[in-house]
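Structural overview
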Amino acid sequence: MSAITLSNESRIVRSTDQVSCDLAGEAAILNLKTGAYYGLDPVGARIWNLIQDPTTFAQIRDALLDSYEVEQARLESDVRDLVSHLVELGLVEITP
Amino acid sequence: MNREAQFLVAVVRRFLHSQAVPPDLTGLDWSVATGLASAHGVTPLVYRVLRTLPMPEQVAEELRAAVEAGARASLALSAALCGLAESFEQHAIRFVPFKGPLLSQQLYGDLAFRSPGDLDLLIAPRDVLRARDVLLADGYRLESPLHWPCDSAWLKSRECEMVLAAVPRSASIDLHWRILPAYFASPFDRLDVWDSLTRTRFAGRELPCLTPEHLLPMLCAHAAKHAYARLAWICDIARCLIALPDLSWSTVLSAAARAGTTRQLLVGLRVAENLLEAPIPPTLPQDGAVEPLVQLVRARILAGRSIRTPELELIPFCLRTFESRRHRVRYLLGHLAPSWAEYRALTLPPSLYWFYYLFRPLRLMTRTRLRRTQLVA
């Protein structure tokens, strides 16, 4: 998986080709095009909730830095990896 | 009073009101409690409350697995709903999803809080056969029986619905051309929901849905039809009162009064208040017949009785919820009309349809006699 280029202003939003639900803090997602199910752990679910409407990378990072004790560089890298993966799966879209 | 049923009601109350007293876990038979939660359709709510409490690990795992399976089912139904919405919109067929995952989202803000088994869509009567054709072309097949293979037979349903299922079976679709069957009096006798639909965001698209002023009476009427047997239906009413506090009570009450079904609404509200502390308006019409019905529902739920109310209890209960003799007669006459059981037992052409009215009592009498014989044996 190659991390895509995300600037602080990149806007990230859930794709319209998915439907998801809460699993008591985690999230379950169904890709409407492929019929594949995916699960997100609580941190992934937190990001998923943040991108219900278009949200910038910086807004996601700041919201998570407020909630978790983690180094900023490590957090940015993890968020990039997750978002890249979700883009590959067709579950989120990015506008520069 | 059944310990596990009492516990279940306390858990659902806690789900609705975070300040409610935490449920007492001591001395529970967990298999009975989880079985009851499943039968009452409240497992997703129960899991969300209990996961913060010290429950046995095995029970937590079982509940978690059930919640995951339910979430997958909800997602699958949601995907089916999105596909149907696209097809119906392409063919200019008006529809309203009025239960299922859309209701879960409307009331609870998420798809996975209810345990829907199927999709219920209201279709304008003139569009029902076209909707059927679209579903058949999309790969669905008919599940409900026909008394004869012709178009008119598709609309001969006492419940005013037809059931289709996806192939391979993943979603079951109930197409309704009335919100409640014609024999069951409700505010919808005098309401045209098509005139005042609203829209809601669902899975990235806009879908039509009932207004809050139609949603609440629909929940009360549907629960009344089944004698409020499931806690999930009562919880839906309670949640409707919590999540939609701005609904117009004058509209709801005047529609119920016009149809002569105020008691049905009052019983729904009072049951939700009595069992789940739902916030109901301080001034409601008074009806001395309501409280005894509320106590009946309460006693039945807290006794942990079977979810399926026997007809010998259900019919008298429903008769008591009707205010007018006309509605009671209509309900009883509805029970004389042929059901799918008769269609399954006997195939008749439309010209001989009247024979079902003779056949039904004969079939019921035979069934009752057989049951008695089995009991004696």
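Residues numbered from 1 in each chain as written. Chains lettered and ligands numbered in written order. Predicted model: local features only at pLDDT ≥ 70, side-chain atom pairs only at ≥ 80, totals over all residues. Heavy atoms only, no water.

Observations concerning the overall build of chain B
The helix and strand inventory of chain B stands at 16 helices and seven strands. In terms of overall dimensions, chain B is globule-like: its C-alpha atoms have a radius of gyration of 21 Å, near the 21 Å expected for 377 residues. Overall size of chain B, expressed as C-alpha extent along the three principal axes, is 65 × 55 × 45 Å. Classification of the 377 residues of chain B by burial places 54% in the buried group. (Helix = DSSP H or I, 4+ residues; strand = E, 2+ residues; numbered from the N terminus. Rg over C-alpha atoms; globule rule 2.2 N^0.38 Å. Buried < 20%, exposed > 50% of the residue type's maximum accessible area, 1.4 Å probe, protein only.)

Side note on a nonpolar patch on the surface
Together, Leu 352, Trp 354, Phe 355 and Leu 358 of chain B give the surface a local cluster of nonpolar side chains, amounting to about 380 Å² of exposed area. Structurally, the position occupied by Leu 352 of chain B is in the loop between helix 15 (340–345) and helix 16 (355–376). (Patch = residues over 30% accessible without salt bridge, like charges linked within 9 Å, V, L, I, M, F, W, Y side chains within 5 Å. Areas by Shrake-Rupley, 256 points an atom, 1.4 Å probe, with all protein chains shown as cover. Salt bridge = Lys/Arg side-chain N within 4 Å of Asp/Glu carboxyl O.)

Re the domain arrangement of chain B
Many descriptions give the size of an interface as the accessible area lost when the pieces come together. As assigned here, chain B comprises domain 1 (1–55) and domain 2 (338–377). Here domain 1 of chain B and domain 2 of chain B have C-alpha centroids that lie 41 Å from each other. (Domains from an automatic or database assignment.)

Structural notes on helix 1 (residues 3–16) of chain B
All names here are of chain B. The end-to-end C-alpha separation of helix 1 is 20 Å, in line with the 20 Å expected for 14 residues at 1.5 Å each. Most of helix 1 sits out of view: 10 of its 14 residues are buried. Turning to helix 1, its buried residues are Glu 4, Ala 5, Phe 7, Leu 8, Val 9, Ala 10, Val 11, Val 12, Phe 15 and Leu 16. In this fold, the buried residues of helix 1 make contact with helix 2 (30–39), helix 3 (43–50), helix 5 (100–108), helix 9 (231–243), helix 11 (262–276) and helix 12 (290–302). (Expected span 1.5 Å × (residues − 1). Contact = heavy atoms within 4.5 Å.)

Quick notes on the environment of Ala 243 of chain B
Residue and element names in this part refer to chain B. Secondary-structure assignment places Ala 243 in helix 9. The class of Ala 243 is partly exposed, set by a relative accessible area of 29%. As a C-alpha pair, Ala 243 and Arg 126 span 117 residues in sequence and 34 Å in three-dimensional space.

Some details on the pattern of salt bridges
Opposite charge on two side chains permits them to pair, given that their charged atoms come into close proximity. Evaluation of the coordinates by the stated rule reveals 25 salt bridges over all chains. One salt bridge in this structure joins Asp 236 of chain B and Arg 114 of chain B, with 2.8 Å as the shortest N-O distance. Here Asp 236 of chain B is found in helix 9, whereas its partner Arg 114 of chain B is found in the loop between helix 5 and strand 2 (119–123), with 122 residues between them in sequence. Overall, Asp 236 of chain B belongs to the buried group, its relative accessible area being 2%. Residue Arg 114 of chain B is classed as buried on the basis of its relative accessible area, which comes to 13%. Ionic pairing is found between Arg 132 of chain B and Asp 133 of chain B, a salt bridge with its closest N-O pair at 3.0 Å. Overall, the relative accessible area of 39% leaves Asp 133 of chain B in the partly exposed class. The network of salt bridges with shared partners includes Glu 26 of chain A together with Arg 64 and Glu 68 of chain B.

Notes on the pairing of strand 6 (residues 198–202) of chain B
Two faces belong to every sheet, and in a regular strand the side chains alternate between them. Pairing of strand 6 of chain B with strand 7 (residues 205–209) of chain B, which is carried by five bridges, proceeds in the antiparallel orientation. Among the inter-strand pairings, Arg 201 of chain B is bridged to a residue of strand 7 of chain B, identified as Glu 206 of chain B. (Pairing = 2+ DSSP bridges.)

So, the nonpolar core
Membership of the largest hydrophobic core comes to 133 residues, with the highest contact counts inside it found for Phe 88, Leu 216 and Ile 234 of chain B. Setting aside its immediate chain neighbours within four residues, Leu 216 of chain B contacts Ile 237, Cys 240, Leu 241, Leu 247, Trp 249, Val 252, Leu 265 and Leu 269 of chain B. In terms of nonpolar packing, the next biggest core, distinct from the first, is built from 18 residues, Ala 27, Leu 64, Leu 75 and Val 83 of chain A among them. (Core = buried A, V, L, I, M, F, W, Y, C linked by side-chain atoms within 4.5 Å.)

Let's talk about the sheet that holds strand 5 (residues 55–56) of chain A
With respect to topology, three strands assemble into an open sheet ordered 5-1-6 (chain A), the strand pairing being antiparallel. The open sheet has two free edges, formed respectively by strand 5 and strand 6 (92–95) of chain A, since each of these has just one partner strand.

Some words on the packing of aromatic side chains
Residue and element names in this part refer to chain B. With the rule as written, the count across this model stands at 15 aromatic pairs over all chains. Seen from their ring centres, Phe 184 and Tyr 331 are 5.9 Å apart, and the 75° between their planes marks the pair as edge-to-face. Of the two residues, Phe 184 is situated in the loop between strand 5 (172–176) and strand 6 and Tyr 331 in helix 14 (residues 325–336); the sequence distance between them amounts to 147 residues. Note on Phe 184: relative accessible area 0%, which makes it buried. Aromatic pair Tyr 343 and Tyr 356: ring centres 5.2 Å apart, planes at 65°, arrangement edge-to-face. With Tyr 343 in helix 15 and Tyr 356 in helix 16, this residue pair connects regions lying 13 residues apart in the sequence. A connected cluster of aromatic rings, assembled from ring pairs, spans Tyr 183, Phe 184, Phe 322 and Tyr 331. (Phe/Tyr/Trp six-rings, centres within 6.5 Å; stacked < 30°, edge-to-face > 60°.)

Observations regarding the sheet that holds strand 3 (residues 26–31) of chain A
Residue and element names in this part refer to chain A. Taken together, three strands build an open sheet; the order of strands is 2-3-4 and the sheet is antiparallel. The open sheet is flanked by strand 2 (18–23) and strand 4 (37–40), the only strands paired with a single partner. In this sheet, neighbouring strand axes are inclined to one another by 20° on average, regardless of whether the strands run parallel or antiparallel. Helix-sheet contacts for helix 1 (residues 42–50) involve strand 2, strand 3 and strand 4, and the interaxial angle to strand 3 is about 65°. (Axes fitted to C-alpha atoms, helices over the stretch in contact; angles between N-to-C directions.)

Examining the packing of helix 11 of chain B against helix 12 of chain B
Residues and elements named next belong to chain B. At a closest axis distance of 9 Å, the pairing of helix 11 and helix 12 adopts a crossing angle of 45°. The orientation of helix 11 with respect to helix 12, classified from their angle, is oblique. Between helix 11 and helix 12 lies a crossing whose hand is right-handed. Along the contact surface, helix 11 presents Arg 263, Leu 266, Val 267, Arg 270, Val 271, Asn 274 and Leu 275, while helix 12 presents Val 290, Glu 291, Leu 293, Val 294, Gln 295, Val 297, Arg 298, Ile 301 and Leu 302. (Parallel < 35°, antiparallel > 145°, perpendicular 65-115°, else oblique. Left-handed = near helix turned anticlockwise from the far one by under 90°.)

Considering the side chain of Arg 300 of chain B
Mapped onto the secondary structure, Arg 300 of chain B falls in helix 12. Excluding its chain neighbours within four sequence positions, the residues that come into contact with Arg 300 of chain B are Arg 305, Ser 306, Ile 307, Arg 308, Thr 309, Pro 310 and Glu 313 of chain B.

Things to note about the interface of chain B and chain A
Residue-level contacts link 20 residues of chain B with 15 residues of chain A. Summing the contributions of chain B and of chain A, the shared interface buries around 1,300 Å²; its carbon and sulfur component is 66%. When the area that chain B buries against chain A is broken down by residue, the three leading residues are Arg 64, Arg 72 and Leu 75 of chain B, summing to 35%. A salt bridge links Glu 26 of chain A to Arg 64 of chain B; its shortest N-O distance comes to 2.9 Å. Secondary structure elements with two or more residues in the side of chain B that touches chain A: helix 3 and helix 4 (57–90) of chain B. It is helix 4 of chain B that provides the largest number of residues to the side of chain B that touches chain A, a total of 10 residues. (Buried area = accessible area lost by both parts, 1.4 Å probe.)

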